[in-house]
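Reading the structure
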Amino acid sequence: MSESFTLTIDGVEVTAQPGQSILQAADAAGVYIPRLCAHPELEAFGACRVCTVKVNGRPQAACTTPATKGMIVENDTPELNEHRRSLIEMLFVEGNHFCMFCERSGNCELQALAYRLGIDAPRHDYQYPARTLDGSHPEVFIDRNRCILCGRCVRASRDVDGKHVFDFVGRGKGKRIWIDAESRLADTPLEGEDKAVEVCPVGAILRKGAAYAAPIGRRLYDHDPIGADIEAKRVGAPAAKGGKS
Ligand code: FES
């Protein structure tokens, strides 16, 4: 068996195992690297670039870059966090994210990242695109207004559920998540318990009948910022911080 090795993230020496990405090594060491498209149960995809770190001075996606011995990784820096704020602001304006009316509010990774990174309001104009919803399925609905094209549902449906219900169509601004049926989600083999439904980081794919199940005060990110669960693994680490850096 290959031996573990060390690398440095933000000046902290971290032990990694062969085959781990920078993101996986950081998670195991209790160092939070912001991410949206990555999910611990899914193959890395490298779509959102929120996890961009600097490796030996060069920008790399932490979720798709293998950890190697002696790497010097910068993660929590003003420059990289500004880059992340920019990406998240663009996601907010290119979709229709009305958090105050969204049943994922408080449990949404996009919203939680915006709070963690100290985003008050996007610096770009809202585009208010015309997007479609599909409420035909008895257990699940899709609201493409909130989709951030992370591809988690695509990978989960294909690799975990073994169904390939979702995929991308179109390019550039016209890119959308679509379904493996002529027109209706109800005509796909999707089930409410599918991993593809569970892993959506925003309110784009939701189970029906579960809205607002957790009241304000008991939602996932009501008390601790996103990433606090990872940072709690770090021995002697200070409490997770919110706001700008
Ligand atoms: S989390 Fe790495 S590119 Fe999205």
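Residues numbered from 1 in each chain as written. Predicted model: local features only at pLDDT ≥ 70, side-chain atom pairs only at ≥ 80, totals over all residues.

Let us look at unusual backbone geometry. Positive phi outside glycine occurs at Arg49, with the angle close to 65 degrees. Within the secondary structure, Arg49 sits in the loop between α1 (22–29) and β3 (52–55). The backbone phi angle of His164 is positive, close to 55 degrees, even though this residue is not glycine. Relative to the helices and strands, His164 is located in the loop between α4 (152–160) and β8 (166–169). (Helix = DSSP H or I, 4+ residues; strand = E, 2+ residues; numbered from the N terminus.)

Turning to the domain arrangement of the chain, a few remarks are in order. With domains assigned, the chain is organised as domain 1 (5–76) and domain 2 (100–207). One C-alpha centre belongs to domain 1, the other to domain 2, and the line joining them spans 25 Å. Contacts between the two partners involve 10 residues from domain 1, matched on the other side by 14 residues from domain 2. Taken together, the residues of the side of domain 1 that touches domain 2 break down into seven nonpolar, one polar and two charged. (Domains from an automatic or database assignment. Contact = placed C-beta atoms within 7 Å. Nonpolar A, V, L, I, M, F, W, Y, C, P; charged D, E, K, R; others polar.)

A few words now on the nonpolar core. Counting residues in each nonpolar core, the largest one holds 59 residues, and the members touching the most others are Ala26, Cys51, Ala62 and Leu110. The leading source of residues in this core is α1, at five residues. Both of domain 1 (5–76) and domain 2 (100–207) provide at least three residues apiece to this core. Apart from the residues lying within four places of it in its own chain, the contact partners of Ala62 are Ser21, Ile22, Leu23, Ala26, Ile33, Cys51 and Val53. (Core = buried A, V, L, I, M, F, W, Y, C linked by C-beta atoms within 7 Å. Buried ≥ 20, exposed ≤ 12 C-beta atoms within 10 Å, placed from the backbone.)

Note that β3 and strand β4 (residues 58–61) share four bridges and pair antiparallel. The residue of β4 that forms the bridge with Lys54 is Pro59. Hairpin geometry of β3 and β4 is characterised by an intervening segment of two residues between the two adjacent antiparallel strands and by a positive phi of about 50 degrees at Asn56. In this structure, β3 lies alongside strand β5 (residues 72–74), joined through two bridges in antiparallel fashion. Its bridge partner lying in β5, Lys54 is registered against Glu74. (Pairing = 2+ DSSP bridges.)

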